[in-house]
Amino acid sequence: MIPRRTSPANPFRFLFLLALVIVVWGAGPALATGYRYWSFWEQDGGRGDGRNGGSAWTYATQGPSTARPSDGDVQGLRFAVSRDADDAAEPRGAADFASICAKTPPSEGRKRVALVIDFGTAADAPSGETPPEPRTACALVPEDATTAEALAAVAGPLRYDTNALLCAIADYPEMGCGDPVPDSGADTGAGTGASASDEGSQASGAEDGSSGGPSLGLYAGAGVVVLLGAAAVWQARRRRG
């Protein structure tokens, strides 16, 4: 019996698999997504002025439907595209309890909650929608009221999904709730309290591609594709030989 000849490892097959792994790995970051939603914030110091050296925004540890602010608290909500709490954009502009609730006197058995409602930028708006101007409001509500109840008293109607996620304030946005958004690499002003004047520079950075480019993995994948062609030629010559 003539022993069966075993063919050497096929370099073409190996390089093909290698290229597939590298290209998929390199394309991974492009598939990362953010989410378009209302983030919830609390102001350190409560009655501070919200300016440099004063109170600062911190991401709330619970949702508006369970948080129960005290009289004199300042809370904010911002609609934007972000990946997580670390990436979330703060409500913009200065905010302080004294000015927001200046025309709302104390009332026995009730509390005053200052609210900053930032509808976000055009870049973060769902297709076909225009964000309203940011607003502030002083909610006078029962002492045991939640933030959601305070918000409903001054900026309704509110819309929630089946998981009690806050989807819309004052009917904005009209549709959608926490929808995934492809990551364009644009800076949404996360954690910086970006002003409206920053919006133009952020948008231009996204358009001209200065915020990113093809990943190293994609370049490596392209290089391996070239090697694939060379391997194919080598294999063809070997068979003819």
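Just so you know, these numbers come straight off a predicted model, no measurement behind them. (Residues numbered from 1 in each chain as written. Predicted model: local features only at pLDDT ≥ 70, side-chain atom pairs only at ≥ 80, totals over all residues. Heavy atoms only, no water.)

Explain the overall build of the protein chain to me, and be specific about the residues and the numbers.
Looking only at helices and strands, one finds five helices and eight strands in the protein chain. Considering the protein chain as a whole, with its 241 residues, one finds that 37% of them fall into the buried category. Considering only contacts in the protein chain between residues 6 or more positions apart, those separated by 24 or more positions represent 68%. (Helix = DSSP H or I, 4+ residues; strand = E, 2+ residues; numbered from the N terminus. Buried < 20%, exposed > 50% of the residue type's maximum accessible area, 1.4 Å probe, protein only. Contact = heavy atoms within 4.5 Å.)

Break down the nonpolar core for me, with residues and values.
Formed by 20 residues in total, the largest nonpolar core has its most connected members in Trp38, Leu77, Ile117, Leu151 and Ile169. Of all the elements in the fold, those that place two or more residues in this core are strand E1 (33-43), strand E3 (74-82), strand E4 (110-118), strand E5 (135-142), helix H3 (147-155) and strand E7 (166-169). Ignoring sequence-local partners within four residues, the contact set of Ile117 consists of Trp38, Leu77, Pro134, Arg135, Leu151, Ala155 and Ile169. (Core = buried A, V, L, I, M, F, W, Y, C linked by side-chain atoms within 4.5 Å.)

Requested: an account of the state of the cysteines, with residues and values cited.
Per the stated rule, a full pass over the model turns up two disulfides. Here Cys101 engages in a disulfide with Cys138; their sulfurs sit 2.1 Å apart. Taking the torsion about the sulfur-sulfur bond, which here is approximately 100°, the covalent link between Cys101 and Cys138 counts as right-handed. Residue Cys101 is located in the loop between helix H2 (97-100) and E4, and its partner Cys138 is located in strand E5; the two are separated by 37 residues in the primary sequence. (Disulfide = S-S within 2.5 Å.)

Quick rundown of the pattern of salt bridges? Include the residues and the values.
Within the structure shown, the criterion is met by four salt bridges. One salt bridge connects Arg83 with Asp87, and the closest N-O pair in it is separated by 3.4 Å. With relative accessibility at 42%, the residue Arg83 sits in the partly exposed group. Look at the salt bridges and you will find they share partners, linking Arg78, Arg92 and Asp118 into a network. (Salt bridge = Lys/Arg side-chain N within 4 Å of Asp/Glu carboxyl O.)

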